[in-house]
Number of protein chains: 2
Amino acid sequence: MAELERTRSRRGREARGSDAPVRAVWPGLPGGRFLPLDAGEQRAVHEGALSLLETLGLSQAIPSMVARVTAAGGRQTADGRLLFPRALVEDCIAGARRDVVLHGRRDGLEIDLSGARIHMSSGGASPAIVDIETGRYRDATTRDLYDAARLVDALEHIHHFSRSLVARDAPDPLAMDVNTAYACLRGTAKHVSVSISEPGHVPAIAEMCHLIAGGERAFRERPFLTAMVCHVVPPMRFASEACATLEAAVLAGFPVQIISAGQAGATSPASIAGSLVQAVAETLAGLVFVRLVDPAARAIFAPKPLVADLRTGAMCGGGGEQAILMAGAAQMGRFYDLPTSSIAGITDAKVPDAQHGAEKALAVALAAHAGSNLITQSCGMQASLLGVSLESYVADNDMLGAILRTIRGVEVTEETLGLAAIAEVCRGEGHFLAHPQTYARMKSDYVYPAIGDRRSPRDWEAEGGLDLRARARQRAREILAGHHPQHVGAEADRAIRARHAILLSPEEVGTA
Amino acid sequence: MAELERTRSRRGREARGSDAPVRAVWPGLPGGRFLPLDAGEQRAVHEGALSLLETLGLSQAIPSMVARVTAAGGRQTADGRLLFPRALVEDCIAGARRDVVLHGRRDGLEIDLSGARIHMSSGGASPAIVDIETGRYRDATTRDLYDAARLVDALEHIHHFSRSLVARDAPDPLAMDVNTAYACLRGTAKHVSVSISEPGHVPAIAEMCHLIAGGERAFRERPFLTAMVCHVVPPMRFASEACATLEAAVLAGFPVQIISAGQAGATSPASIAGSLVQAVAETLAGLVFVRLVDPAARAIFAPKPLVADLRTGAMCGGGGEQAILMAGAAQMGRFYDLPTSSIAGITDAKVPDAQHGAEKALAVALAAHAGSNLITQSCGMQASLLGVSLESYVADNDMLGAILRTIRGVEVTEETLGLAAIAEVCRGEGHFLAHPQTYARMKSDYVYPAIGDRRSPRDWEAEGGLDLRARARQRAREILAGHHPQHVGAEADRAIRARHAILLSPEEVGTA
């Protein structure tokens, strides 16, 4: 018992820091108590992935990858598939960095991806947004992306901003990449992840980061932007240009998410286990490549297997199949003890309704408890990845707070069991409302929703009877009206604007 | 690998039966892969509960309980607390029945509570209902309860009907108990659980069951109605009349749910662990009593700890605290390997909105994965247990299907990993859409939502843009208009009506 107490209390204090404000949840709470795969099953998935890499390999490898992998013991088959020998893969897993920290641009925003520490993130690449005024789906713009970043900046339980919207107003791919990175970095000081369309765009994004960081060295030491790269077009085929981008991003010092996103039943097997083993194999192939490019690369293992609705072949992300598949993939990240990112919280709902809430909570809770370090799509996204709504960030933030509270767990210690306190109350007042422990735990142990309703039906009806969507919309508007962060210095801002046609005007970002 | 395959495939076939229709989920899928408490913590909670029972005991024991417990080695203190020695509690746990099956009144509706088999149930005792026409909260009636039962009867992923509404139109407590049981048993052939207000009402309910079953012996052999009894008024105090009801129900052959429902911060400690240990102790006290009344009793271990919002002292059920507390309690049921029931899915939301979905999914998923055999409140309930809505059953049914799919798990076997199939596809067509395995798994592996939306934003908008609540309301109306089950024979019905003033008219139940 005493040992239990020491472990749990220490964990809490260390995670929060000794003089941090009292709060019930915090970034980096340890997950990993949900074990969808038993030990034998984890081993079977691992062995299956090694076998696929060694005997089937991947097609469409780019020359620099072929050169690196064959120099390390791999070989290319006559029909052009690149084979990864078991020993090479195992060595790369063993040698991969486990000390990856994603930095923010303010103290306390660091995301430590080691162990089973859990963090919540937006996610996306949605082409559309639900207009907060009209309630209709429309093409997304750079301004929408900036607004999403500002919301995430202000919402407590979202720890990381993954570029959620595709800026459809950008005139060309380079302008899109540049304006995407700018909108994200202007909108939030939390760590930002973006995808980069082609290798030639990496220098422009790196330069922008260096300007903001105050130099390349400062950025490389504490990088605040990650490149997300889908290096494969499943099944078991490299995406050539994306691989070149991955290589360029690693060489530029960006942390990288190595993402495989097959769709069960379409681009990966219809069986959950088959889809999982393929995703693990594909992600490991990217990990090997990244490690051969730079052994010190900050690489994030990001198998993000998706699911197709087999009746239509269309992608769907809200079912139990998606939730358990992703939880299994997250657990494989723990099996390897690698910094791991998951996709969870894709809903097929078009608005923040009961379907939206249930589908998101199921998937995010299971991925988190399975031990994923960084859960993208945990907020904001709707419509099977086809749409974002701003009110959804606000709605989902409450959900994430509750999920994080379950990650914190029961915390069994002599003090928390409190047998003496129970006896004292039973022999005295007969209730715990006035017990000193109750008041003390009010803030330290309990998460309160920001917009979640806890009124009586009578009070709720009397006060307008709004559902969560309506309250989220109100709150999103309030935040957007009042939160104008200045996370990019004036000098850097001028320098960026001198180099690129920035779509967000100085007036829009409050620097005019 | 071969061993894996044998275990999993056998499990699936046995659970479904060899000639059952192909379906992706079924009642009794095995949970237990979420372990909120580690082994030491489970032991600490158990030891803490034994210590409370042995040294603090419970007050307000009724004479028959004092007699039974003291005869078995317990003793009453000078201030009237009944102490349960450790050996007595341990013996009762060891000797309790683990083969409890809750019967329905149609083949295939049996609920086997052994092992970690998971089942979903309504739950309640809500005084109010949201009128499906006006959308306003109002007092519930017998007719509402009957409608709720009919909905549950028709909804695939709800396996059990726990009396969800308090029939406020009943003129007195006996009429309420009788009409409640009648409305439930008329509305659904699934196993029904009700509470019984006082011991003197047990014979009337038993008689009704005997009439429906075709005799007392038939009912006792395959009981289709459980008595739910909150035998304590926490902290650590018996509810005298409820204990007498518990005794009478056991003697009448009813399965019994032994329920402790303290509220963390009000009637149990504010710490999650303290609330858990008290709930376990209180529930075990009931278990001992039941076993001393009848060693062959079908007893369900049902610690159902709740949570108060410490800012107001009001009960709230939608937070992460509630979810993790209940998951811990469910896991203690698995620690004891007892038939276990949990409360999960209480939402504080007033309508089926995003809060409703997220709060329910989080709590139900964690309780299920923690291994609870019967999850009451998993559907239908709203407003911190103060209200039910009929559309909520329909909305929640989809959620339960998805959760059950995650319980079914990843199922890693040589066949599901399908390495050869992956190689074949990669060297051939390049996608899995046309692969024979894909078609085969379309029904056997995938759950499709009944009303959950998977359309494109464009199609969804073009077809009316309804949220899940609106679609659930439509579907609930359709079911209620078309589903008129006749689960009570005409003769039994006449006999019941001859003995009691039944509020539901023959016209209302379709027998006129």
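Residues numbered from 1 in each chain as written. Chains lettered and ligands numbered in written order. Predicted model: local features only at pLDDT ≥ 70, side-chain atom pairs only at ≥ 80, totals over all residues. Heavy atoms only, no water.

Caption draft 1: Spatial organisation of the overall build of chain A. The helix and strand inventory of chain A stands at 19 helices and 20 strands. Expected size for 512 residues packed as a compact globule is a radius of gyration near 24 Å; at 23 Å, chain A falls within 12% of this value. Overall size of chain A, expressed as C-alpha extent along the three principal axes, is 80 × 60 × 50 Å. Taking all 512 residues of chain A together, 65% fall into the buried category. Within chain A, contacts between residues at least 6 apart in sequence are counted, and of these 76% link residues at least 24 apart. Looking at chain A, you have 53 positive and 58 negative side-chain charges, and the mean spots of the two groups are 2 Å apart. (Helix = DSSP H or I, 4+ residues; strand = E, 2+ residues; numbered from the N terminus. Rg over C-alpha atoms; globule rule 2.2 N^0.38 Å. Buried < 20%, exposed > 50% of the residue type's maximum accessible area, 1.4 Å probe, protein only. Contact = heavy atoms within 4.5 Å. Lys, Arg positive; Asp, Glu negative; His and termini not counted. Charge placed at Lys NZ, Arg CZ, Asp CG, Glu CD.)

Caption draft 2: How the structure looks around unusual backbone geometry. In this structure, Pro235 of chain A follows Pro234 of chain A across a cis peptide bond, with omega equal to 5 degrees. Tracing the chain through its elements places Pro235 of chain A in the loop between strand E11 (225-230) and helix H9 (240-251). Unlike most non-glycine residues, Ala125 of chain A shows phi in positive territory, near 95 degrees. In this model, Met236 of chain B sits at a positive phi of 50 degrees, which is unusual for a non-glycine residue. Within the element layout of this structure, Met236 of chain B appears in the loop between strand E11 (225-230) and helix H9 (240-251).

Caption draft 3: Region of interest: the pairing of strand E14 (residues 299-303) of chain B. Residues and elements named next belong to chain B. Most of E14 is tucked away: 5 of the 5 residues are buried. Of the two faces of E14, the one carrying Ala299, Phe301 and Pro303 and the one carrying Ile300 and Ala302 are both buried. Direction of pairing for strand E12 (residues 256-260) relative to E14: parallel, over a ladder of 5 bridges. Along E14, the bridge assignment pairs Gln257 with Ile300. (Pairing = 2+ DSSP bridges.)

Caption draft 4: Expanded view of the sheet that holds E12 of chain B. All names here are of chain B. Taking strand neighbours across the sheet as the criterion, the 5 strands line up as E9-E10-E11-E12-E14 in an open arrangement whose pairing is parallel. Among the strands making up the open sheet, the edge pair consists of strand E9 (161-162) and E14. Two strands pair when backbone bridges link them, and E11 and E12 are joined in this way by 4 bridges, in the parallel orientation. Paired with Ala227 across the strands is Val256, a residue of E12. Sitting on the sheet, H9 is in contact with E11 and E12, with an inclination near 160 degrees to E11. (Axes fitted to C-alpha atoms, helices over the stretch in contact; angles between N-to-C directions.)

Caption draft 5: Quick look at helix H5 (residues 142-154) of chain B. Residue and element names in this part refer to chain B. End to end, H5 covers 19 Å across 13 residues, agreeing with the expected 18 Å (1.5 Å per residue, within 8%). Most of H5 is tucked away: 11 of the 13 residues are buried. Residues of H5 that are buried: Thr142, Asp144, Leu145, Tyr146, Asp147, Ala148, Ala149, Arg150, Leu151, Val152 and Asp153. Lining the buried residues of H5 we find strand E7 (128-130), strand E8 (137-139), E9, helix H6 (173-187), helix H13 (390-408) and helix H18 (468-482). (Expected span 1.5 Å × (residues − 1).)

Caption draft 6: Representation of the packing of aromatic side chains in the model. All names here are of chain A. Within the structure shown, the criterion is met by 12 aromatic pairs over all chains. Seen from their ring centres, Phe84 and Phe238 are 6.3 Å apart, and the 55 degrees between their planes marks the pair as tilted. On the criterion of sequence distance, the pair formed by Phe84 in the loop between strand E3 (82-83) and helix H4 (86-95) and Phe238 in the loop between E11 and H9 is long-range, its members being 154 residues apart. The buried category is assigned to Phe84, whose relative accessible area is 0%. Owing to a relative accessible area of 2%, Phe238 belongs among the buried residues under this scheme. Members of the aromatic cluster, each reached through a chain of ring pairs, are Phe219, Phe224 and Phe254. Between Arg105 and the ring centre of Phe224, over which it is positioned, the NZ or CZ distance is 5.3 Å. (Phe/Tyr/Trp six-rings, centres within 6.5 Å; stacked < 30°, edge-to-face > 60°. Lys NZ or Arg CZ within 6 Å of the ring centre and 35° of its normal.)

Caption draft 7: The arrangement of the interface of chain A and chain B in detail. The interface is formed by 109 residues belonging to chain A together with 108 residues belonging to chain B. When chain A packs against chain B, close to 9,200 Å² is buried across both sides, 68% of that on carbon and sulfur atoms. The largest share of the area that chain A buries against chain B comes from Val410, Tyr446 and Arg454 of chain A, three residues that together contribute 8% of it. Linking chain A with chain B are 12 salt bridges. A salt bridge links Glu321 of chain A to Arg405 of chain B, with the nearest nitrogen and oxygen atoms 3.9 Å apart. The element best represented in the side of chain A that touches chain B is helix H12 (residues 354-369) of chain A, accounting for 10 residues. Grouping the amino acids of the side of chain A that touches chain B by side-chain chemistry returns 58 nonpolar, 27 polar and 24 charged. (Buried area = accessible area lost by both parts, 1.4 Å probe. Salt bridge = Lys/Arg side-chain N within 4 Å of Asp/Glu carboxyl O. Nonpolar A, V, L, I, M, F, W, Y, C, P; charged D, E, K, R; others polar.)

Caption draft 8: Molecular detail of the sheet that holds E7 of chain B. Residues and elements named next belong to chain B. The strand order E8-E7-E20-E19 describes an open sheet built from 4 strands, whose pairing is mixed. Either end of the sheet is taken by a strand with one partner, and the two such strands are E8 and strand E19 (381-382). Seen against the sheet, H13 touches E7, E19 and strand E20 (387-389) and runs at an angle of roughly 70 degrees to E20.

Caption draft 9: Just the pattern of salt bridges, in detail. Residue and element names in this part refer to chain A. Under the defined criterion, the tally for this structure stands at 76 salt bridges over all chains. Between Arg97 and Asp99 there is a salt bridge, with the nearest N and O atoms lying 2.8 Å from each other. Through salt bridges that share partners, Arg408, Glu411, Glu415, Arg441 and Asp445 make up one connected network.

Caption draft 10: Broad picture of the relation of the copies chain A and chain B. The transform that puts chain A on chain B rotates by 180 degrees and translates by 0.0 Å along the axis, for an RMSD of 0.0 Å. Such a turn and shift between the copies fits a two-fold axis. Taken as a fraction of all interface residues of chain A, those also at the interface in chain B reach 99%, which identifies the copy contact as same-surface. (Least-squares fit on C-alpha atoms with pLDDT ≥ 70 in both.)

Caption draft 11: The arrangement of the packing of helix H2 (residues 39-56) of chain A against helix H11 (residues 320-336) of chain A in detail. Residues and elements named next belong to chain A. Relative orientation of the contacting elements H2 and H11 amounts to 85 degrees, with a least axis distance of 11 Å. Taken together, H2 and H11 sit at an angle that is classed as roughly perpendicular. Every residue of H11 that contacts H2 at Gln42, Arg43, Val45 and His46 is listed here: Gln331, Met332, Phe335 and Tyr336. For the contact of H2 with H11, the residue count by class is 4 nonpolar, 3 polar and 1 charged. (Parallel < 35°, antiparallel > 145°, perpendicular 65-115°, else oblique.)

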